[in-house]
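Here is what each chain is made of, one letter per residue.
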Amino acid sequence: MAGTTTDTLGLYKPGIGEEDYGALVNANFDTLDSLQALGKTMYFSNFFPVGYIKDGTVDYSTEMQAALDAVDTLGGGRIWLNEAGTYKVGTALTIGDFTSIYLGPGVIVKLADAANVHIFTNKDYTNGNTDIKIYGAGTIDGNKTNQTAGQEARGVYLVRTTDSGVEGITVQDCEDHGIHFSLNGTEKGNYISNTLTQNNGLSDTSVGGSGVAVTNALEFRALNARSYGNNRAGFKPTGNHIEMTTCIASGNKDVGLTAPSSSFLVVNGGEYTANTSDVLADGIRLVATDRVILNGPNCSGNDGSGVMILNGCDNVTINGGQYYNNGQNATARAATSGRDGITIKNNGTVNTGINISNVQCFDTQGTKTQDYGIAIENTSNNITVTSSDLRNNQTGPLLNTSTGIDIRIDGEVRGVSYNNSDYISTTDLTGSTAETILESITIPADEFGKRNAFKVCAGGRITDVAAGLKTVRLEMDDGVTQLTSPVISTTGAEDWIVEMDVYAINQTAQNIFTRGWEGTTMNIQDYISGTIDFSNAVTVRITGQLANASDTIHARLWKVKAVK
């Protein structure tokens, strides 16, 4: 085409016609202002030799870099590669300030065998670059099976950039991350939108291999981005002020989205589903992440939990969303793993200030895999769950083994009457003759002042192997005073159930009625004049004791129901 030959630097003004712009270019197009004013676009293909091949067999790194350098000389501009085909590159293509690169439909920029470099990166790693954009409908292909593991070769690698992003591009099969922003905690305005990152990461033992990685951001936005089948995370942004809006992460081998040691993370909708390969493959995983808002994501069908909140997460709000059919990996939960809709736990640092409302945490499968709707383990403080549906999980709606304080279940939480209540227990006592706690719950200080009464119910089965008493009792403890019910006792194999009804006279005095059955016979019935102080946190527990260690007491029901 006239006017688009190499001697014009490939500058072409659409809509003008087929005239030769060589003289005009040489005279006037030597500054960025004139380039922008006349709407000129430079074409990568203008730097290719006559009859260039588009089947991926010829390395065009030199020609493509020449085009980038030409635009950089002008102070920036736009470069197009709009002819469908595969273009091989064997060296990293470096981009200067104020440069946009368009890859059209059917365009594939593919890394050469054994090149072991990034495909697109910026020129100035020391000071950074500004206003770089890679956009269009084309593909960046890292050709990972022909690279060497551990070389950290990425599709797009932008270091200390500001106001830069990737739009609409597919980045796939990179040896390391598909897209990586490596920042210094001061750069703003970086983003991705409508991108697809898939099948990145070569080695199962390598650290890299996420679809999108962002390190030390001050501000980062992801909009309508998709990330499938990557070796590590779908998305792994770190830093401050990170926003993920209607993004999808599915089938990734580690986790859908994780933002470790970050602050001000907002997730608006989106899907973080079916992330797989081990029990740590959660939909969203927060580790030492604070000031987090999750607005209605779908976190379902993951091998681990829908959402895992682990170690030192503060001020986390989960508002709405679906967290169902998780726990797809059969491996039992461990110190850092879960199989629940939402799991809150730590193995070293306390979580605090977590508010969950209007969530649906259930299991719709014929053979259920999700242990609990919500599981609270280890020590966590200031947790509130309101207006949520936690029914129909494999083990129960809510697990609370936390030793923390101020864990509240308010509003209509379906499947749960009170903290850690209304679930089928699987606690067994065998092999010991010491009195042992089978189940317990801590009612927060002053909570009883909001209620008129509450009911405790526990039940199970006693297995008899050797002669001797098997006893069960209920206890209440305010940290100063402990009240103990009479015991249910039996020398044989029996079903058992024990109930306690508590009615307030005031905060420090209650009427307490207890009843207990072994088999179909009422074993105990008693009235206790209570002096438990509910202005303190009060623990309610069920205990069992064996005369012979070979016998077993099974706990199979544990329910605490608050009544206003």
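Basis of the calculations
- Residues numbered from 1 in each chain as written.
- Predicted model: local features only at pLDDT ≥ 70, side-chain atom pairs only at ≥ 80, totals over all residues.
- Heavy atoms only, no water.
- Pairing = 2+ DSSP bridges.
- Helix = DSSP H or I, 4+ residues; strand = E, 2+ residues; numbered from the N terminus.
- Axes fitted to C-alpha atoms, helices over the stretch in contact; angles between N-to-C directions.
- Contact = heavy atoms within 4.5 Å.
- Core = buried A, V, L, I, M, F, W, Y, C linked by side-chain atoms within 4.5 Å.
- Buried < 20%, exposed > 50% of the residue type's maximum accessible area, 1.4 Å probe, protein only.
- Phe/Tyr/Trp six-rings, centres within 6.5 Å; stacked < 30°, edge-to-face > 60°.
- Lys NZ or Arg CZ within 6 Å of the ring centre and 35° of its normal.

Here the focus is the sheet that holds strand β20 (residues 226-228). Ordered in space as β3-β5-β8-β11-β14-β17-β20-β22-β25, the 9 strands form an open sheet in which the pairing is parallel. Every interior strand has two partners, whereas the edge strands, β3 (55-59) and β25 (271-273), have only one. The mean inter-strand angle of the sheet, taken between neighbouring strand axes irrespective of direction, is 15°. In this sheet, strand β11 (residues 139-141) lies alongside strand β8 (residues 107-111) in parallel orientation, the contact comprising 3 bridges. Counterpart to Val109 in the pairing with β11 is Ile140. Taken strand by strand, helix α3 (residues 61-73) contacts β3, β5 (85-89) and β8, and its axis lies near 90° from that of β5.

Moving on, we come to the nonpolar core. With 81 residues, the main nonpolar core has Phe120, Ile192, Phe235, Met244, Tyr272, Ile318 and Ile342 as its most contacted residues. Examining the composition of this core, we find that 5 residues originate from one element, α3, more than from any other. Grouped together as the second largest cluster of nonpolar side chains are 30 residues, Met476, Met500, Ile528 and Ala555 included.

A word on the pairing of strand β27 (residues 290-295). Looking at chain direction, strand β24 (residues 263-268) and β27 are connected through 5 bridges and run parallel. By the bridge assignment for β27, Asn268 is matched with Asn295. Strand direction decides the pairing type here: β27 and strand β29 (residues 314-319), joined by 4 bridges, are parallel. If you follow Leu294 over to β29, its bridge partner there is Ile318.

This paragraph deals with the packing of aromatic side chains. The relative placement of two aromatic rings is captured by the distance of their centres and the angle of their planes. Under the defined criterion, the tally for this structure stands at 11 aromatic pairs. Members of the aromatic cluster, each reached through a chain of ring pairs, are Tyr43, Trp80, Tyr102 and Tyr135. A cation sits over an aromatic face here: Lys133 above Tyr135, 4.6 Å from the ring centre. Note that Arg154 overlies the ring of Tyr157, its terminal NZ or CZ placed 4.6 Å from the centroid.

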